[in-house]
Amino acid sequence: MLDDGGLSSFHVLRPWWLLLLPLLLWLHLRLRRTYSTALQWRDTIAPHLLQHLTLDGASHKAWRIRPYQLMTLAMMLAVLALAGPSWRPEITPFTEDRAALIVALELTPSMLAVDQPPTRLERAKQKLRDLLSRRKGARTALIAYAGSAHTVLPLTDDSSLIELYLESLTPALMPETGADAAAALALAEQMLAAEPAPGTVLFMTDGIDRTLASAFNKPQQQEQILLLAFGSDAGGPVRATEGISEGIAPGVDMSGLRAVADAAGGELWRSTVDTADIDQLMRQVRTHLVNALSDDASVRWHDAGYYLVWPLALLLLLWARRGWTVQWS
């Protein structure tokens, strides 16, 4: 589906009003016959004579809109407005705030590489802060993972709590080495299982082994999987911290991340120096919510029929033209 529903979601809320369209077409043809000299006499005068006995309106005066034509157009617009065209669901602020976002932050030694200064991890934390500032009042949770996955903070609408814990997260805190993104996904799925609104899982990582793609391939899953990659293609030295020794981190395997994203039916972006990546993330989270709500029969759809009132009002203004009423006589 397209963003905000799109043309693939176009439908009418009150389709029975469309039954009037054939009646309007019949009425238009009847009025056209009434106001056309040629049509009035075609059953009485031979066609080869009629064309010489009638005047072509376009030849002796400028073309103009007839009242019956305007009336037909106005009535068709009114019928379409009453039918209630719609292509996007109405998302209330309450519903939007309930759209859960689970952030899975990788805490491996390679995230301390300085190829994306100050480090990949610090850049990821800053991006998460930017994301939280855009989601004020929305529900967000934080998972940290390396060789195992752990809940840092469950779903909360208080972004300041996440920022409080975020500062102290380092790879040295993780009890097991490795990068088990599948475990983080399983933990996120447990959090989202009881959620009434569709959720999103965002992985902030510098790489996921492509062999884990099968764990992300779940056709029936409701959650959306997004990946935000940190680091350069060349890699870089790892900054030594408590419990983590110096070393060289490999470059980001974008092809492996792409394989995982494709398996999950999700999206992959590379971290940018500006907010373009956060803008894309926010759009994708909203798009997923809109598309999921589009499949819910209980969702209220936005009635766009009101938009047709304005062109209808402009057409009706033509009834104030001088001589318009006389043309009906």
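Further up the page is the structure itself.
Residues numbered from 1 in each chain as written. Predicted model: local features only at pLDDT ≥ 70, side-chain atom pairs only at ≥ 80, totals over all residues. Heavy atoms only, no water.

Caption draft 1: Quick look at helix α7 (residues 120–134). For α7, which comprises 15 residues, the first-to-last C-alpha distance of 21 Å matches the rise-based estimate of 21 Å (1.5 Å per residue) to within 8%. Of all the residues in α7, the buried ones are R120, L121, R123, A124, K125, K127, L128, R129, L131 and L132. (Helix = DSSP H or I, 4+ residues; strand = E, 2+ residues; numbered from the N terminus. Expected span 1.5 Å × (residues − 1). Buried < 20%, exposed > 50% of the residue type's maximum accessible area, 1.4 Å probe, protein only.)

Caption draft 2: Spatial organisation of the packing of α7 against helix α8 (residues 159–166). At a closest axis distance of 10 Å, the pairing of α7 and α8 adopts a crossing angle of 170°. Between α7 and α8, the angle falls in the class roughly antiparallel. Between α7, through K125, L128, R129 and L132, and α8, the contact on the second element is made entirely by S159, I162, E163 and L166. When the residues that make up the contact of α7 with α8 are grouped by side-chain class, the tally is 4 nonpolar, 1 polar and 3 charged. (Axes fitted to C-alpha atoms, helices over the stretch in contact; angles between N-to-C directions. Parallel < 35°, antiparallel > 145°, perpendicular 65-115°, else oblique. Contact = heavy atoms within 4.5 Å. Nonpolar A, V, L, I, M, F, W, Y, C, P; charged D, E, K, R; others polar.)

Caption draft 3: View of the pairing of strand β7 (residues 224–229). Across the 6 residues that make up β7, a large majority, 6, are buried. A two-sided burial pattern is seen for β7, the buried positions comprising Q224, L226 and L228 on one face and I225, L227 and A229 on the other. Judged from the 6 bridges that link them, strand β6 (residues 200–205) and β7 form a sheet pairing that is parallel. Note that in β7 the partner of M204 across the bridge is L228. In the sheet, β7 pairs with strand β10 (residues 267–270) via 4 bridges, with the strands oriented parallel. In the strand pairing of β10, L228 is matched with W269. (Pairing = 2+ DSSP bridges.)

Caption draft 4: Up close: the nonpolar core. In this structure, L105, L128, L142, L202 and M204 are the most contacted members of the largest nonpolar core, which totals 33 residues. Counting residues per element, the ones that place at least two in this core are β3 (101–106), α7, β4 (140–145), β5 (149–156), α8, β6, β7 and α12 (276–294). Once residues within four sequence positions are removed from consideration, L128 is found in contact with V103, L142, L166 and M204. (Core = buried A, V, L, I, M, F, W, Y, C linked by side-chain atoms within 4.5 Å.)

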